[in-house]
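For reference, the chains in residue letters:
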Amino acid sequence: MSKLAGKTALVTGASAGIGLATARLLSEADVRVIGCARRLDVLRPQMDELPGPTLSVQLDVADAESVADLMTQLPPEWQTIDILVNNAGSDIGGRRDFHEGDIAEWVNTIQINVSGLMQVTAAVLPGMLAGQGGHIVNLGSVAGLSGVRGCAAYVASKHAVHGLSDTLRQEYAGRGIRVSEILPGMVKTEFAKTRFSDADKGDAFYENYGLCLEAEDIARSVLFALEQPPHAVVSQIVIVPDNPG
Ligand code: NAP
């Protein structure tokens, strides 16, 4: 039997890419999965196909009011969250030097990747603290470790996720709440399509990049972190494609 069997996980950004792959692996590990995303029409059929019980919730993590209501909107039997995977993220308008970009898009990236992650965590954490404890897994990025030209807002957001994850891990250590951060390099998902608001440009970006990770590679890292015994916390996993230096 899976070490995680019977637990309940909430995964943000579960309608595509890493979030969907993570929801799938969790469900295959007998975890009850609450998948959240803005596009309910895309999310629900994918959640319905997973092998175990799932719930599909329409949620914009950057919408503070909706996130504040998140827990009370869930059916009572879904309100005890053991695992939170803060995965929702984007870089709309990215891959341009700072002055060439749209400041509203840069700020939006911060709102989704940082404020959104903080708001969802603030909604879920009190229940974990009051009850059975829990495990929070944040999707950072190698862009949270150094600068990347053309991605100022995204880099800033992932540096924030890196600092937040490390700080939350320290604050809740020994209190039944573990915090892990996964920092992937390039993963082939819908991310580039969203970044450029253009599917063809997104495909071309990955083709030109070379070897990329798959969403399932990252999902396996999430599961690895979650499956450690209670006395061990995986603080960070950096996972990159095996590209020559
Ligand atoms: P993706 O394929 O574009 O999927 C992004 C997911 O986030 C979608 O399910 C999207 O669903 C959701 N989302 C976006 N904005 C949202 C919002 N405001 N509220 C709720 N959900 C939202 O991207 P991905 O590659 O899987 O990325 C997932 C995470 O991994 C992100 O945090 C990203 O920064 C990180 N990451 C990705 C890479 C990479 O190379 N792909 C590398 C390192 C880290 P809806 O559109 O339906 O809302």
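Here is a short report on the structure shown in this document. Quick caveat, the model's predicted, so the values are computed rather than measured.

Another point: the pairing of strand β9 (residues 236-239). Side chains of β9 alternate between two faces, with I237 and I239 buried and Q236 and V238 left unburied. As defined by bridge partners, strand β6 (residues 177-184) adjoins β9 across 4 bridges and the pair is classed as parallel. The partner of P184 across the bridge, within β9, is I239.

As a further point, take the side chain of R195. Secondary-structure assignment places R195 in helix α7 (residues 191-196). Side chain to side chain, R195 and D91 meet in a polar contact 2.8 Å long. Here R195 is in contact with D91, I92, G93, G94, R95, C151, Y154 and F205, once residues within four sequence places are set aside.

Applying the stated criterion across every chain yields a total of 0 disulfides. Between C212, a cysteine without a disulfide, and C151, which holds the nearest cysteine sulfur, the sulfur-to-sulfur distance is 14 Å.

Before going further, it helps to spend a moment on the site of the ligand. If you check the shell around the ligand, you find 29 residues, and the closest are S15, R38, Y154, V187 and T189. At a separation of 3.0 Å, an oxygen atom of the ligand approaches a polar backbone atom of G13. Within the contact set of the ligand, an oxygen atom lies 2.8 Å away from a backbone nitrogen or oxygen of N87. With the chains in place, 96% of the 890 Å² that the ligand exposes on its own is no longer accessible. Looking at the shell around the ligand, the elements with two or more residues in it are α1 (17-28), α6 (152-172) and α7. Taken together, the residues that form the shell around the ligand break down as 14 nonpolar, 10 polar and 5 charged.

As a further point, take the pattern of salt bridges. Evaluated as defined, the whole model comprises 7 salt bridges. Note that E190 is salt-bridged to R39, the shortest N-O span being 3.4 Å. Pair noted here: E190 is in the loop between β7 (187-188) and α7 and R39 is in the loop between β2 (32-37) and α2 (40-48), with a separation of 151 residues, a long-range link. You can call E190 partly exposed: its relative accessible area is 29%. A salt bridge links R169 to D166; the shortest N-O distance between them is 2.4 Å. One end of the pair is R169 and the other is D166, both in helix α6 and 3 residues apart, which spans about a single turn. Given the relative accessible area of 21%, R169 is considered partly exposed. What makes D166 partly exposed here is its relative accessible area of 28%.

Criteria and cut-off values
- Residues numbered from 1 in each chain as written.
- Predicted model: local features only at pLDDT ≥ 70, side-chain atom pairs only at ≥ 80, totals over all residues.
- Heavy atoms only, no water.
- Buried < 20%, exposed > 50% of the residue type's maximum accessible area, 1.4 Å probe, protein only.
- Helix = DSSP H or I, 4+ residues; strand = E, 2+ residues; numbered from the N terminus.
- Pairing = 2+ DSSP bridges.
- Polar contact = N/O pair within 3.5 Å; in protein donor to acceptor, adjacent residues only side chain to side chain.
- Contact = heavy atoms within 4.5 Å.
- Disulfide = S-S within 2.5 Å.
- Near = heavy atom within 4 Å.
- Areas by Shrake-Rupley, 256 points an atom, 1.4 Å probe, with all protein chains shown as cover.
- Nonpolar A, V, L, I, M, F, W, Y, C, P; charged D, E, K, R; others polar.
- Salt bridge = Lys/Arg side-chain N within 4 Å of Asp/Glu carboxyl O.

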